[in-house]
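Next come the chains, spelled out residue by residue.
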Amino acid sequence: MKISAWILLVLHTVILFLWIMNSGYLFSFFGVVFWAILVAISFIVQQQINGQLLIKVLLLASSYFLVVLSVVTVGIYFVTSSMP
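Residues numbered from 1 in each chain as written. Predicted model: local features only at pLDDT ≥ 70, side-chain atom pairs only at ≥ 80, totals over all residues. Heavy atoms only, no water.

**Quick notes on a nonpolar patch on the surface**
Short version of the rule: Patch definition: residues with relative accessible area over 30% and no salt bridge; like charges joined within 9 Å; nonpolar side chains (Val, Leu, Ile, Met, Phe, Trp, Tyr) joined within 5 Å. Surface accessibility follows the Shrake-Rupley procedure with a 1.4 Å probe radius. Residue values consider only the protein chains on display as shielding. The term salt bridge refers to a side-chain nitrogen of Lys or Arg lying within 4 Å of a carboxyl oxygen of Asp or Glu. Secondary structure elements follow DSSP: runs of H or I no shorter than four residues count as helices, runs of E no shorter than two count as strands, and numbering proceeds from the N terminus. Exposure categories follow from relative accessible area, calculated using a 1.4 Å probe and restricted to protein chains: below 20% of the type maximum is buried, above 50% is exposed, and the middle band is partly exposed.
On the surface, a nonpolar cluster with roughly 530 Å² of combined accessible area is contributed by Phe29, Phe30, Val33, Ile37 and Ile41. Here Val33 is to be found in helix α2 (residues 29–48). Here Val33 falls in the partly exposed class, since its relative accessible area comes to 31%.

In structure tokens:
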């Protein structure tokens, strides 16, 4: 579980960089689905980790941050689509 948690953290970082770059890959249908699945898997892995408090806290914080990014993304989409 520890190795998969570190891999998930790296993938979270990749998603953050793609979000900052406003990448078309991330905002495509498959990108959004991958984003949602990655967050769900991260919460599951975080619950399965016993001990190793640092990796557990890092994964939980990163997962919540990706949820916040998705909410911000939806908000930006609605604000920009309502502009004339």
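Having seen the model, we can carry on.
**Concerning the environment of Gln46**
Note the threshold: Every residue pair with non-hydrogen atoms within 4.5 Å of one another is taken to be in contact.
Within the secondary structure layout, Gln46 lies in helix α2. According to the relative accessible area criterion, Gln46 is buried, its value standing at 11%. On a C-alpha basis, the gap between Gln46 and Val67 in space is 15 Å, while along the polypeptide they are 21 residues apart. Excluding anything up to four places from it in sequence, Gln46 contacts Lys56, Leu59 and Leu60.

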